[in-house]
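# Structural overview
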Amino acid sequence: FYTGDEANAEALADGVISEGESVDDDYYIRNVNPLVRVVPLGSDVGVLIVDCSGSGCVTTGGVLEDLQALAETRPVPVWIQVDSGGVVAIEEQYQP
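It should be emphasised that the depicted structure is a prediction, and the values quoted were computed from it without experimental measurement.

## What about the sheet that holds strand S3 (residues 41-51)?
Taking strand neighbours across the sheet as the criterion, the four strands line up as S4-S3-S6-S5 in an open arrangement whose pairing is mixed. Both edges of this open sheet fall to strand S4 (58-62) and strand S5 (78-83), since each of them pairs with a single strand only. Here the average twist between neighbouring strands, direction ignored, is 20°. Relative to S4, S3 is paired through five bridges, and the arrangement is antiparallel. Following the sheet pairing, Leu48 is matched in S4 by Gly61.

## Things to note about the state of the cysteines
Using the criterion set out here, one finds one disulfide in the structure. Linked covalently through their sulfurs, Cys52 and Cys57 form a disulfide whose S-S length is 1.9 Å. Taking the sign of the torsion about the S-S bond as the criterion, the disulfide between Cys52 and Cys57, at about 115°, is right-handed. A residue is classified by how much of its surface remains accessible, and Cys57, at 40% relative accessible area, is partly exposed.

Definitions and limits used
Residues numbered from 1 in each chain as written. Predicted model: local features only at pLDDT ≥ 70, side-chain atom pairs only at ≥ 80, totals over all residues. Heavy atoms only, no water. Pairing = 2+ DSSP bridges. Helix = DSSP H or I, 4+ residues; strand = E, 2+ residues; numbered from the N terminus. Axes fitted to C-alpha atoms, helices over the stretch in contact; angles between N-to-C directions. Disulfide = S-S within 2.5 Å. Buried < 20%, exposed > 50% of the residue type's maximum accessible area, 1.4 Å probe, protein only.

See the structure below:
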């Protein structure tokens, strides 16, 4: 996850933008690792979701079903925290 000038430089290096162009919304996400990791969910996974429905954006607590419902409507990049071999927290990455 890159922002600012670093986002532009990395996107240029990947051929996503051309010289003189900028990335949209000042960020660039690179995921070139094809490895799929399967990690079990803990019994009480904490979920944080970005809610921009009001006058600003806030991070709110949620449940896995909330995250699944969002993912059915748009891409939802997340940070996943693993502890002792299991997922203990999932936090949505804000995107402008």
